[in-house]
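Structural characterization, general
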Amino acid sequence: MKNISKTNDIKTNTPIRVYKKGFGYALLTLIENNDLFLICKSPDDFFSYIPENETIECYIWPYPDGSYDFTTTVLGKISSPFPIILLKHTDSIVHNPSRQCLRAKVNIPFTFFTFSINTTKSFSTEDIQWHTGTIVELTDREALLQTSMKPEHFVKGHLLLGSKDIDITGKVTGSNSSNYEISFVGLDDSDRIAILDYIFTVYRE
């Protein structure tokens, strides 16, 4: 993605992540960019919540990292053929080298097995002992796992987000009672984006 100095530079089909205090985050998609305004497809709940003339914070996350941040105003809303929000253009865009790491409270079943990186013997699928737990907090880089058993140094399992099945390997970095902090290891960009998109659909205040 080329450098963005004003909203007129944003290409169609770009995801625009937006925040409004009291609601939380939502994910818009830019479907047209003309000289008058940005035309964005909106989720139903954000469309119903946000009034016209309201100010919102916006974030564009280019590959592979960083963030373009700007504040704008909702100029109007169109309900048919699907929820559409019109955003005002602005030249006040700030580029940040890092992104805001959102932590959403969730309730996602997680089946996993544990292993130690120092293990000297190999194991087959028949040797694996599976455990169950629940992911109760989630970011694109880590998670909080609630489980009745004590994981070893690493956990491995599958995280199902809607129709997306993500293969997770995580390092146990801390614990508090039955809650274990898991830092993701080797997560590829497409899976990280899928987690971010999921967080933006469930993060509410």
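Everything here concerns the structure above.
Throughout this document, residue positions are counted from 1 along each chain, in the order its sequence is written. Thresholds applied to this predicted model are a pLDDT of at least 70 for local features of residues and 80 or more for the giving and counting of side-chain atom pairs; totals over whole chains, interfaces and linings are not thresholded and use all residues. Heavy atoms from the whole structure form the basis of all side-chain values; hydrogens and water molecules are not counted.

**Remarks on the overall build of the protein chain**
Helix numbering and strand numbering both begin at the N terminus, where a helix is a DSSP run of H or I of at least 4 residues and a strand a DSSP run of E of at least 2. A count of helical and extended segments in the protein chain gives two helices and 13 strands. In terms of its C-alpha atoms, the protein chain occupies a principal-axis envelope of roughly 65 × 35 × 30 Å. Contacts: residue pairs with any heavy atoms within 4.5 Å of one another. Look at the contacts in the protein chain between residues 6 or more apart in sequence, and 59% of them connect residues 24 or more apart. Each accessible area value is a Shrake-Rupley result obtained with a 1.4 Å probe; residue values ignore everything except the protein chains displayed when judging cover. As presented, the protein chain carries roughly 11,200 Å² of accessible surface, and 48% of it is formed by carbon and sulfur atoms. The convention is simple: Lys and Arg are positive, Asp and Glu are negative, and His and the chain ends are not counted. The atoms used to mark charge sites are NZ of Lys, CZ of Arg, CG of Asp and CD of Glu. Charge-centre separation for the protein chain: the mean point of 20 positive side chains lies 2 Å from the mean point of 25 negative side chains.

**Description of the packing of aromatic side chains**
In summary, the pairing rule links any two rings of Phe, Tyr or Trp, Trp by its six-membered ring, whose centres are within 6.5 Å, and it sorts them by plane angle into stacked for under 30 degrees, edge-to-face for over 60 and tilted for everything else. Applying the stated criterion across every chain, the model contains eleven aromatic pairs. When the ring of Y19 is compared with that of Y25, the centres are 4.7 Å apart and the planes differ by 40 degrees; the resulting orientation is tilted. Accessibility classification places Y19 together with Y25 in one group, the buried group. Measuring from centroid to centroid gives 5.2 Å for F113 and W130, while their planes differ by 90 degrees, and the two rings are edge-to-face. Of the two residues, F113 sits in strand β8 (residues 104-115) while W130 sits in the loop between β8 and β9 (131-138), which places them 17 residues apart along the sequence. Members of the aromatic cluster, connected to one another through ring pairs, are Y19, Y25, Y59, W61, F200 and Y203. The ring of F82 carries K41 above its face, with NZ or CZ at 5.2 Å from the centroid. To sit over a ring, a charge needs its Lys NZ or Arg CZ within 6 Å of the ring centre and within 35 degrees of the ring normal. Sitting above the plane of the F47 ring, K77 keeps its charged end 4.6 Å from the centroid. Any residue under 20% of the maximum accessible area for its type is buried, any over 50% is exposed, and the rest in between are partly exposed; the area is computed with a 1.4 Å probe on protein chains only.

**Observations concerning the pairing of strand β10 (residues 142-146)**
On a regular strand, one side chain projects to one face of the sheet and the next to the other, so that they alternate. When β9 meets β10, the two strands line up antiparallel, connected through four bridges. Bridge pairing in β10 links T134 to Q146. For two strands to count as paired, DSSP must find a minimum of two bridges between them. The antiparallel hairpin formed by β9 and β10 contains three residues in its connecting segment. By the bridge criterion, five bridges tie β10 to strand β13 (residues 179-184) in an arrangement that is antiparallel. Its bridge partner being in β13, L145 is matched across the sheet by Y180.

**Quick notes on the side chain of K20**
Of note, K20 is situated in strand β1 (residues 15-20). At 3.0 Å, the side chain of K20 forms a polar contact with the backbone oxygen of T55. Setting aside chain neighbours within four positions, we find K20 in contact with F46, Y49, I50, E54, T55, I56 and E205. N or O atoms within 3.5 Å of each other form a polar contact, as long as, within protein, one can give a hydrogen and the other can take it, and as long as residues adjacent in sequence are counted only when both atoms are side-chain atoms.

**Structural notes on unusual backbone geometry**
Residue P81 is bonded to the preceding S80 through a cis peptide linkage, with omega at 10 degrees. Checked against the element boundaries, P81 lands in the loop between β5 (67-78) and β6 (84-87). You will see that N13, though not glycine, has its phi angle at about 75 degrees, which is positive.

**Some thoughts on the environment of L187**
Following the sequence through the fold, L187 ends up in the loop between β13 and α2 (189-202). In this structure the C-alpha to C-alpha distance between L187 and A143, which are 44 residues apart in sequence, comes to 13 Å. Setting aside its immediate chain neighbours within four residues, L187 contacts D140, I166, D167, I168, R192 and I195.

**Some thoughts on the environment of T12**
Secondary-structure assignment places T12 in the segment before β1. Sequence-wise, T12 and P62 are 50 residues apart; in three dimensions their C-alpha atoms are separated by 14 Å. Residues within four places of T12 in sequence aside, it is in contact with L30, I31, E32 and N33.

**Focus on the pattern of salt bridges**
Basic side-chain nitrogens of Lys or Arg form a salt bridge, by our definition, when they fall within 4 Å of a carboxyl oxygen of Asp or Glu. According to the stated counting rule, one finds ten salt bridges in the structure shown. For E54, the salt bridge is made with K20, and the minimal N-O distance between the two is 3.0 Å. Taken together, the residues span a long stretch of sequence, with E54 in the loop between α1 (44-49) and β4 (55-60) and K20 in strand β1 at a distance of 34 residues. Residue classification places E54 among the partly exposed residues on the basis of a relative accessible area of 26%. Among the ionic pairs, E142 bridges to R103, the shortest N-O distance being 2.5 Å. Of this pair, E142 sits in strand β10 while R103 sits in the loop between β7 (93-96) and β8, and the two are 39 residues apart along the sequence. E142 gets classed as partly exposed once you look at its relative accessible area, which sits at 30%. Judged by its relative accessible area of 35%, R103 falls in the partly exposed class. Linked through salt bridges whose partners overlap, the residues forming this network are R103, K105, E137 and E142.

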